[in-house]
Structures are given as C-alpha cells and as structure tokens.
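Okay, here's what each chain looks like letter by letter:
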Amino acid sequence: MRSFFSSDASRAQRIANAKRRVADDAAYAGLDYLTSAVLILNTDARIEYANAAAETLLEVSRKGLLGERFASFFSNGEVIDELFSEALLQRFGNKRLDMTLDRVQGGESLQLHGIVTVLIDHPETPVVLEFHEIDQQIRVDREERILEQTQANRELIRNLAHEIKNPLGGIRGAAQLLELEIDSSEYREYTQVIIKEADRLQTLVDRLLAPHRRPHIVSDVNIHEVFERVRSVLMAEYPHGLVIERDYDASLPEFRGDKEQLIQAVLNIVRNAAEALAPQIRGGLAQIVLRTRIARQVTIAKTLYRLALELHVIDNGPGIPQDLQERIFFPLVSGRDGGSGLGLTLAQTFVQQHQGVIEFDSRPGRTDFKVLLPLP
Ligand SMILES: Nc1ncnc2c1ncn2[C@@H]1O[C@H](COP(=O)(O)OP(=O)(O)OP(=O)(O)O)[C@@H](O)[C@H]1O
Ligand SMILES: [Mg+2]
C-alpha cells in the first residue's frame, strides 16, 4: 500500500513543483495579509503553500517550509499525521479543534485553534490548514494589564519612597547620637539594629527611586553589546555549571536608547534566571539562552509598531510558581529568600521608558522572558 507520506521526487524537485503550482495561482497572494496561519498540504502531507503568518508561527522562512512535512516541525507531530489521514479519507469536510503543538524550533508550546478543510475538487492539494494562537488575545490582555498596573504603581511608589526617605535619615542620626551616649554594649546592640535596618531601608528606597533620579541618557545602542555585557557579568558571578548560549540575529539595527538602563533591565532578568537555576548550576546542567530577533507588526500599549526588537532570556530552571505569576512585576514581590522583589519592577520601568514591555511564559523546565523594544 502506498504510504501518505512517501515521495519519490527529490527535495529540490518537490520545492520546484510547489513553487510552480503556487506561483501559477495568484489567488494566494492576499493570504499574506491574514493574521491566521494558512498552509496547504499535498497528498504526502507536505507543504505546498504557507502564508506569511505561517512563517511567523513556525519561525521558519517560506523556503524552509515548502516541500517539508508539516508534522516534522513539531515534536508531537503525530497529532497532525492523524488529522491528515482522517482528512484524506474524507471523514469530514472541515473540522475545528484546539490543540497544543510543541515546536521543534525553539521548543515552544503553541496553543492553537485550528481549522482543517478538505478540498474535494483539488486532488493534488487536498488539505488546507488554518491556525491562530489561542493565547494571543490572553497575552495582549495581560500585557495591557501589566502596563496599567505599573503606571499606577509607579506614582505611588515614588511618593511613598520620598516619604520614607526623609524621616529615615533622622532615625539613623538619632540612633548614632544615642549610641555615643550609652556605655552598655547591651544597649549598643539595639542602636546597631536601628542603624542597620535604617541602612537596609535606605538601600531599598534608593533602588525604588533610581529610575526617576537619573535622566534618561539616549545614545546609539547595539543590543548585542547590552547582552554581551550582561553575559560577562554573569559568567564572572557563575564561573562553573552555567552555560549562557547566544542566539543572536546579527542583522538587528542599532537604535536610540539608554544603554545603562537597558543593561540594568536585562541584568535583572538574567540574574533571576541564574538564581532560579541554583540546583541545576550545582549539577552542571544550567542553561540560559540569550536570543535576539526582529518582530513585525507589534502592538505595545495600544500602539502599533512596524518593527520591534524581540529579546528572549530563556532558562531551563524550575519555572515561576503559579501563584506568583500574576504578581512578579509588582514591587516587593519575591519568591526567594533574601530577595527584595524589585528586580523585575525596575526592569519593567526601564523597558517602559523605551516604550517597550516585558512579558514571560513559564513552566517547569522552561521560563522565557521576552523584552519587546519598538524601533522607530
Ligand atoms: N527565571 C525565573 N525563574 C523562576 N522564578 C523567577 C524567574 N524570574 C523571576 N522569578 C521569580 O520572580 C520573583 C521576583 O523577581 P524580582 O527580580 O522582581 O525580585 P527578586 O529577584 O526576588 O529580588 P531582587 O530585587 O533582588 O531582584 C523572584 O523572587 C522569583 O521568585
Ligand atoms: Mg531579581
């Protein structure tokens, strides 16, 4: 029996055939304007046509898609094979379903709503697939919520920090004077507690006020220099057991931004990853990937940008605890001993000062922090 997936034609031949057929049909052109990914498969379940949204979804160029088996782009591609077999047997005319596909490229899980349509009148290209990401809307909503929350928080924090800062100097000074007056070392212990705690609060307040204190200094920034600086700091802090891989898109343009702020933002994110990876670092299996990409048609805070830088910090640590996920950008929210819970608040503020946003996607074994920075 002939298998659905076997093909005698060489790969080059298959691509040439696919290109010819698609080029013949100008009717496909408009599909590139859709946000849904559209793929047309031939009788071998290989891709005959993919629109621009499909390229984005799979993170593979059209050239890399044509002639390939669609299922081969997912580690759980058997879901697709099964659907395809059913479609070929014409068990349905069209079918809608939600599915999770694990992308081989990048290892991401995609939550998709799919529509499979059988084209009875097109025996050479019998199956059309349409997909859109289910969590796209959820992500947009969450992003908006994060932005609104941080903007509201920022004013409050700033005022509160000022209110704390002023009396703090007085408390510390008074404790110091008191210390000079007392002879007993027992009481001196108490004044030392006051002084130390006042210093700790002072550091906290200084960090809270940091984004508002220094003017935004704008210059030409190469994002890879930012990543490289952070990488060298981390390599010095964790010389053993941590691998920091680079996956850079060398074609990214320079842009105008505050380099020091961006270094601080990325450093806070990468340092969190390294801290979460402590057990893996001891076992020598800790990995952080620094990835840069260009993103098109990005909406941030209700503004549409044609181009944006998309930075990823991906670690293979335990993931962010579920109950913390909604709150990690809030000030003073920390999930680790000794954490002050300011790292991400500051990172988000710095990135927002560049009209960007930080979001994340986390599950055990893979946490991906994404920084979007719009380009003019
Ligand atoms: N990559 C990650 N993996 C797992 N948990 C993370 C990761 N990044 C952040 N977190 C969680 O989010 C919390 C908040 O991070 P944040 O940087 O704001 O504060 P912190 O690291 O606790 O303190 P600090 O102010 O010193 O940075 C962390 O305590 C940690 O529980
Ligand atoms: Mg931190």
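Residues numbered from 1 in each chain as written. Chains lettered and ligands numbered in written order. Predicted model: local features only at pLDDT ≥ 70, side-chain atom pairs only at ≥ 80, totals over all residues. Heavy atoms only, no water.

Before we move on, can you summarise the packing of aromatic side chains with the specific residues and values?
The relative placement of two aromatic rings is captured by the distance of their centres and the angle of their planes. Summed over all chains, the structure comprises seven aromatic pairs. Centre to centre, the rings of phenylalanine 70 and phenylalanine 131 are 5.7 Å apart; their planes meet at 25 degrees, and the pair counts as stacked. Here phenylalanine 131 lies in strand E5 (residues 127-133) and phenylalanine 70 lies in the loop between helix H3 (62-65) and helix H4 (78-88), a separation of 61 residues in the sequence. An aromatic cluster is present here, built from Phe70, Phe74 and Phe131 joined pairwise through their rings. (Phe/Tyr/Trp six-rings, centres within 6.5 Å; stacked < 30°, edge-to-face > 60°. Helix = DSSP H or I, 4+ residues; strand = E, 2+ residues; numbered from the N terminus.)

Please give an account of the layout of surface pockets that cites residues and values.
Estimated volume of the second largest pocket: approximately 650 Å³. For the second largest pocket, the lining is made up of 28 residues, of which Asn272, Glu275, Gly335, Arg336 and Leu344 are closest to its centre. Among the elements of the structure, helix H8 (259-276), helix H9 (278-283), helix H11 (343-352) and strand E12 (366-375) are those that each provide at least two residues to the lining of the second largest pocket. At six residues, the largest contribution of residues to the lining of the second largest pocket is made by H8. Partitioned by chemical class, the residues of the lining of the second largest pocket number 13 nonpolar, ten polar and five charged. (1 Å grid on protein atoms, 1.4 Å probe; cavity = no way out; pocket = protein on both sides within 12 Å on 5 of 7 lines; lining within 4 Å. Points joined across faces, edges and corners; volume = space filled by probe spheres on them. Nonpolar A, V, L, I, M, F, W, Y, C, P; charged D, E, K, R; others polar.)

Pulling in residues and values, what's your account of the packing of helix H7 (residues 223-237) against H8?
H8 packs onto H7 with a crossing angle of 40 degrees between their chain directions and a minimal axis gap of 9 Å. Between H7 and H8, the crossing angle belongs to the class labelled oblique. Of the two possible hands of crossing, H7 and H8 adopt the one that is right-handed. Between H7 and H8, the contacting residues are Glu225, Val226, Phe227, Arg229, Val230, Val233, Leu234 and Glu237 on the first element and Lys259, Glu260, Leu262, Ile263, Val266, Leu267, Val270, Arg271 and Ala274 on the second. Residues belonging to the contact of H7 with H8 are distributed by class as follows: eleven nonpolar, no polar and six charged. (Axes fitted to C-alpha atoms, helices over the stretch in contact; angles between N-to-C directions. Parallel < 35°, antiparallel > 145°, perpendicular 65-115°, else oblique. Left-handed = near helix turned anticlockwise from the far one by under 90°. Contact = heavy atoms within 4.5 Å.)

Would you mind going over the pairing of strand E2 (residues 47-50) in detail, with residue names and values included?
The pairing of strand E1 (residues 37-41) with E2 spans three bridges and is classified as antiparallel. The residue bridging leucine 41 from the neighbouring strand is isoleucine 47, located in E2. Here E1 folds back onto E2, and the loop between the two strands holds five residues, one of which, alanine 45, carries a positive phi near 65 degrees. (Pairing = 2+ DSSP bridges.)

Outline a nonpolar patch on the surface, listing residues and values.
There is a patch of nonpolar side chains on the surface, built from Leu160, Ile164 and Leu201 and spanning about 220 Å² of accessible area. With respect to the helices, strands and loops of the structure, isoleucine 164 is situated in helix H5 (residues 135-181). (Patch = residues over 30% accessible without salt bridge, like charges linked within 9 Å, V, L, I, M, F, W, Y side chains within 5 Å. Areas by Shrake-Rupley, 256 points an atom, 1.4 Å probe, with all protein chains shown as cover. Salt bridge = Lys/Arg side-chain N within 4 Å of Asp/Glu carboxyl O.)

Give me the sheet that holds strand E7 (residues 242-247): which residues, what numbers.
Reading across from one edge, E7-E9-E10-E12-E11 is the order of the five strands in this open sheet, with mixed pairing throughout. On the outer flanks of this sheet lie E7 and strand E11 (357-363), each paired with one strand and no other. Neighbour-to-neighbour, the strand axes of this sheet turn through a mean angle of 20 degrees, independent of strand direction. By the bridge criterion, nine bridges tie strand E10 (residues 303-315) to E12 in an arrangement that is antiparallel. Opposite leucine 309, over in E12, you have leucine 373 as the bridge partner. Sheet contacts for H8: E7, strand E9 (286-300), E10, E11 and E12; angle to E9, the most-contacted strand, approximately 135 degrees.

Could you give me a rundown of the domain arrangement of the protein, with the residues and numbers involved?
The domains assigned to the protein are domain 1 (2-133), domain 2 (138-213) and domain 3 (219-375). At the junction of the two partners, domain 2 supplies 17 residues and domain 3 supplies 23 residues. Both faces considered, domain 2 and domain 3 share a buried interface measuring about 1,900 Å² in area, 57% of it formed by carbon and sulfur atoms. On the surface where domain 2 and domain 3 come into contact, there are zero salt bridges. Viewed at the interface, domain 3 and domain 2 are joined by one residue pair in polar contact (both at pLDDT 80 or more). (Domains from an automatic or database assignment. Buried area = accessible area lost by both parts, 1.4 Å probe. Polar contact = N/O pair within 3.5 Å; in protein donor to acceptor, adjacent residues only side chain to side chain.)

Residue-level account of the environment of histidine 212, with values.
Following the sequence through the fold, histidine 212 ends up in helix H6 (residues 185-213). On the basis of relative accessibility, which here comes to 24%, the residue histidine 212 falls in the partly exposed class. On a C-alpha basis, the gap between histidine 212 and isoleucine 195 in space is 26 Å, while along the polypeptide they are 17 residues apart. The contacts of histidine 212, once residues within four sequence positions are left out, are Arg154 and Arg158. (Buried < 20%, exposed > 50% of the residue type's maximum accessible area, 1.4 Å probe, protein only.)

I'd like a rundown of the side chain of glutamine 325, residues and numbers included.
Assignment of secondary structure puts glutamine 325 in helix H10 (residues 322-325). Look past the residues within four positions of glutamine 325 in its chain and what remains in contact with it is Ile320, Phe360 and Ser362.

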